[in-house]
Amino acid sequence: MKRNLWQIPLAVACCLATCARSRAAAPVDFNRDVRPVLSENCFACHGPDQEKRKANLRLDVIDATTKPAKSGTIAIVPKKPEESELLKRITSDDAEKHMPPAKTKKHLTAAQIDLLRRWVAEGASYPAHWAFTAPVRPVLANAKDEKWARNPIDRFILARLDAEGIAPSPEADKVTLLRRLCLDLTGLPPKLKEVDAFLADQSPDAYEKQVEKLLTSPHYGERWARHWLDAARYADSDGFEKDKSRQVFFYRDYVINAFNNDLPYDRFLIEQLAGDLLPNPTQDQICATGFLRNSMVNEEGGVDPEQFRMDEMFDRMDAVGKSMLGLTIQCAQCHSHKYDPLTQEEYYRLFAFLNNDHEAQRVVYSPAEHMAAADLTRQMREIEADLQHRSPDWEEHMAQWEKETAGNQPQWTVLELENLNENDQRYIPQGDGSLLAQGYAPTKFTSRFRAKTKLAGITAIRLELLTDPNLPCGGPGRSFKGTCALSDFSVDAAPLTDEGKSKRVKFSDVTADYDQPEADLERNFDD
């Protein structure tokens, strides 16, 4: 079984990163070796921050460092450290020219100066930030004992041990190997019968068979998904004061199944950022977007809903930056990032993309619930088919009834409404004249609309609440159950020629097609 690179155990990945370099002979790496030195000692005055930049010199980008200054000097001349002003300044005995200045209380060590000199001598390369660089398979290290190295990783380990003058440790016994393997891949120790079976298996691929077995275990996904769930801020409660329970375990199960099913990494990210935008998205792909909904929820009485919604948005940005981009992007909330390649404008472009999305809660179902729903649908279709069979001419009867009662039916006219609210409720006009409510949905709120009409003899006003497939349970309400409650409805009428002369309309009667038991509109309506 093949596993994606992103699923390699972290311990092995760290081992690769450490063992791949030899202290003495490895070339200087800008991101690993040089950037930290420049960031600590130079970027405050010669970095991305334009307002604090001195002498119009930037040391974080290659183009700025290799251009002549007004004085004619060049900060960095690749492969010529003796001509590079940077090297001259950091080694100067003149207090006026020495860098960093004494007032900064920063000091480069001899090892750091030598590192910068070697970097310039090697060509002063400025590779892209590691988060934007595609992984490259390294050249296999030379190993003195080819028999000891059983796989490519062993070669890197042995090369590093050789460089340090350390002999490999003796091979662990089979019980220890199995225990390490089980704890690493599933987080669970092996059972006694598994140990006995492994000891009894004398085949040369006994270990490989154990690896394959553990990779197919559902516990593999449970073990390794927890790292991503931490990055996604997953929790089973809201946090803050009330810390109420929330049922979002479908997202947790999506991540576990992604590991167990060996989902490609690019697909893994796409589904979590925009699974609902894929063609004919599955329930799992919609659940994947729960990545963006794992922020803590503050339901304290004095909280401002829109202000906290913004806090949630900044948390989403932070999660996307750290887990998906490999960048710390919070700094760009206030200014262009000083250390990572991200401008403030780019930050708020991504912020706007996420902020303009529809945030309706989605209702999802377990396999058993899907089967029950399918069975109910089948039963309803059978009832409909039976009714149509027993009354094949029902459409003709209905058409005749509508014709006979046409004169007694009210003629309804759809009004074009203008939203007068100055809050975070969004009402998006639809093609049929209806309005789609989006944005944050507080527990109680009042919406105000204005409409102009030349109709005369108006005797009734009808408010229709429509369903929508993007709402929980199809709507029409935006609560988790798809319900809502209308507690009051009022109309002010004014002449078209003078809107200031408005009068409250008094209703003689009110009816509702359906009333919530806890909010009986007909009984509680205030005339």
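Every chain begins its residue count from 1, and numbering advances along the sequence as written. Only residues with pLDDT of 70 or above have their local features reported here, since the model is predicted, and side-chain atom pairs are shown and tallied only from 80 upward, although totals for entire chains, interfaces and linings are computed over all residues. In computing side-chain properties, one takes all heavy atoms of the structure into account and sets aside hydrogens as well as water.

Participant: Would you mind showing me how to read the overall build of the protein chain here?
Facilitator: Comment: elements are numbered from the N terminus, with helices defined as DSSP H or I runs of at least four residues and strands as E runs of at least two. Secondary structure assignment for the protein chain yields 19 helices and six strands. For the protein chain, whose C-alpha radius of gyration is 34 Å, the value lies well above the compact-globule estimate of 24 Å for 527 residues. Overall, the protein chain is about 100 × 75 × 45 Å in size when its C-alpha atoms are taken along their principal axes. Any two residues having at least one pair of non-hydrogen atoms within 4.5 Å are treated as being in contact. If you take every contact in the protein chain between residues at least 6 apart in sequence, the share linking residues at least 24 apart comes to 53%. C-alpha atoms define the radius of gyration in this analysis, and the globule rule sets the expected value at 2.2 Å times the number of residues to the power 0.38.

Participant: In this structure, what is going on with the pattern of salt bridges? I would like to understand it.
Facilitator: Two side chains of opposite charge can pair, provided their charged atoms sit close to one another. Salt bridge, as applied in this entry: a Lys or Arg side-chain nitrogen positioned within 4 Å of an Asp or Glu carboxyl oxygen. The final tally for this structure, using the stated rule, is 24 salt bridges. Between E271 and R267 there is a salt bridge, with its nearest N and O atoms 3.4 Å apart. Here E271 and its partner R267 are both found in helix α13 (residues 265–274), four residues apart, which amounts to about one turn of the helix. Where D492 meets R504, a salt bridge forms, and the shortest distance between an N and an O atom there is 2.5 Å. Residue D492 is located in strand β5 (residues 492–493), and its partner R504 is located in strand β6 (residues 503–504); the two are separated by twelve residues in the primary sequence. Only protein chains enter the calculation, and the probe is 1.4 Å; a residue is then buried if its accessible area is under 20% of its type maximum, exposed if over 50%, and partly exposed in between. A relative accessible area of 46% means that D492 is categorised as partly exposed. Members of the salt-bridge network, linked through shared partners, are E418, R450, K452 and E499.

Participant: I'm lost on helix α10 (residues 206–215) in this one. Help?
Facilitator: Side chains of residues three or four places apart in an α-helix project in the same direction, reflecting 3.6 residues per turn. Every buried residue of α10 is accounted for by A206, Q210, L214 and L215. Of the surrounding elements, those touching the buried residues of α10 are α8 (174–185), α9 (192–200) and α11 (218–231).

Participant: Sorry if this is basic, but what is going on with empty space enclosed by the protein here?
Facilitator: If a probe as big as a water molecule is rolled over the atoms, it shows which places are left empty. Cavity: a set of points on a 1 Å grid over the protein atoms alone where a 1.4 Å probe fits but cannot get out. Pocket: an open set with protein on both sides within 12 Å along at least five of seven lines, its lining residues, like those of a cavity, having an atom within 4 Å of a point. Grid points are joined across faces, edges and corners, and a volume is the space filled by probe spheres set on the points. With the rule as written, the count across this model stands at two cavities of 30 Å³ or more. As a volume, the largest cavity reaches approximately 40 Å³. Along the walls of the largest cavity sit D238, G239, F240, E241, K242, D243, K244, V297, N298, E299 and E300, which together make up its complete lining. The class makeup of the residues in the lining of the largest cavity is two nonpolar, two polar and seven charged. Here the term charged refers only to Asp, Glu, Lys and Arg, the term nonpolar to Ala, Val, Leu, Ile, Met, Phe, Trp, Tyr, Cys and Pro, and the term polar to all other amino acids, Gly among them.

Participant: Can you walk me through the pairing of strand β3 (residues 435–438) in this structure?
Facilitator: In the case of a regular strand, side chains alternate between the two sheet surfaces. By the alternation rule, side chains of β3 split into L436 and Q438, which are all buried, and L435 and A437, of which none is buried. Here, strands pair whenever DSSP counts at least two bridges between them. The pairing of strand β2 (residues 426–429) with β3 spans four bridges and is antiparallel. Each residue of the ladder has a partner; that of P429, found in β3, is L435. Linkage of β2 to β3, two consecutive antiparallel strands, is achieved through a turn of five residues, within which G433 is found at a positive phi near 95 degrees.

Participant: How should I be thinking about the state of the cysteines in this particular structure?
Facilitator: Cysteine pairs can be covalently joined through their sulfur atoms, and such a bond is termed a disulfide. Here, two cysteine sulfur atoms that lie within 2.5 Å of each other are counted as a disulfide. One pass over the structure, following the stated rule, counts zero disulfides. Unpaired in terms of disulfides, C42 finds its nearest cysteine sulfur in C45, a separation of 8.8 Å. Of the residues examined, C42 reaches a relative accessible area of 11% and is grouped as buried.

Participant: Just to check I follow, could you spell out the nonpolar core for this structure?
Facilitator: The nonpolar side chains of a soluble globular protein tend to be buried with one another. Among the nonpolar cores identified, the biggest contains 40 residues, and W228, Y251, V255, F259, F268 and F291 are the most heavily contacted of them. Residue assignment for this core shows that the elements contributing at least two residues are α8, α9, α10, α11, α12 (249–260), α13, α15 (305–325) and α16 (344–355). Broken down by element, this core gets its largest block of residues, six residues, from α12. Grouping buried Ala, Val, Leu, Ile, Met, Phe, Trp, Tyr and Cys residues that are joined through side-chain atoms within 4.5 Å yields what is termed a nonpolar core.

Participant: What is the right way to look at the confidence of the model for the protein chain in this model?
Facilitator: Caution applies to low-pLDDT parts of the model: their predicted coordinates are not meant to be read in detail. Across the protein chain, the average pLDDT comes to 86, with 91% of residues at or above 70. Every residue in residues 4–24 is under pLDDT 50, and counting partners more than four places away or in other chains gives 35 contacts. A residue's pLDDT is simply how confident the predictor is in it, with values from 0 to 100.

Participant: Help me understand the packing of aromatic side chains in this model?
Facilitator: The geometry of two aromatic rings is summed up by the distance between their centres and the angle between their planes. Between rings of Phe, Tyr and Trp, where Trp is taken as its six-membered ring, a pair exists when centres lie within 6.5 Å; planes separated by under 30 degrees are stacked, by over 60 edge-to-face, and by other angles tilted. Evaluation of the coordinates by the stated rule reveals 17 aromatic pairs. The interplanar angle of 45 degrees and the centroid separation of 4.6 Å between the aromatic rings of F30 and Y126 together place this pair among those described as tilted. Within this pair, whereas F30 is found in helix α2 (residues 30–41), its partner Y126 is found in the loop between α6 (110–121) and α7 (152–164), the two being separated by 96 residues in sequence. Across the pair, Y126 and F30 agree in class, each one buried. Centre to centre, the rings of Y427 and F449 are 5.0 Å apart; their planes meet at 80 degrees, and the pair counts as edge-to-face. Here the residue Y427 occupies a position in strand β2, and F449 occupies one in strand β4 (residues 449–450), the gap between them amounting to 22 residues. Residue Y427 is classed as buried on the basis of its relative accessible area, which comes to 18%. Charge over a ring is defined by NZ of Lys or CZ of Arg lying within 6 Å of the ring centre and within 35 degrees of the ring normal. Residue placement shows R223 over the ring face of W224; its charged tip is 4.4 Å from the ring centre.

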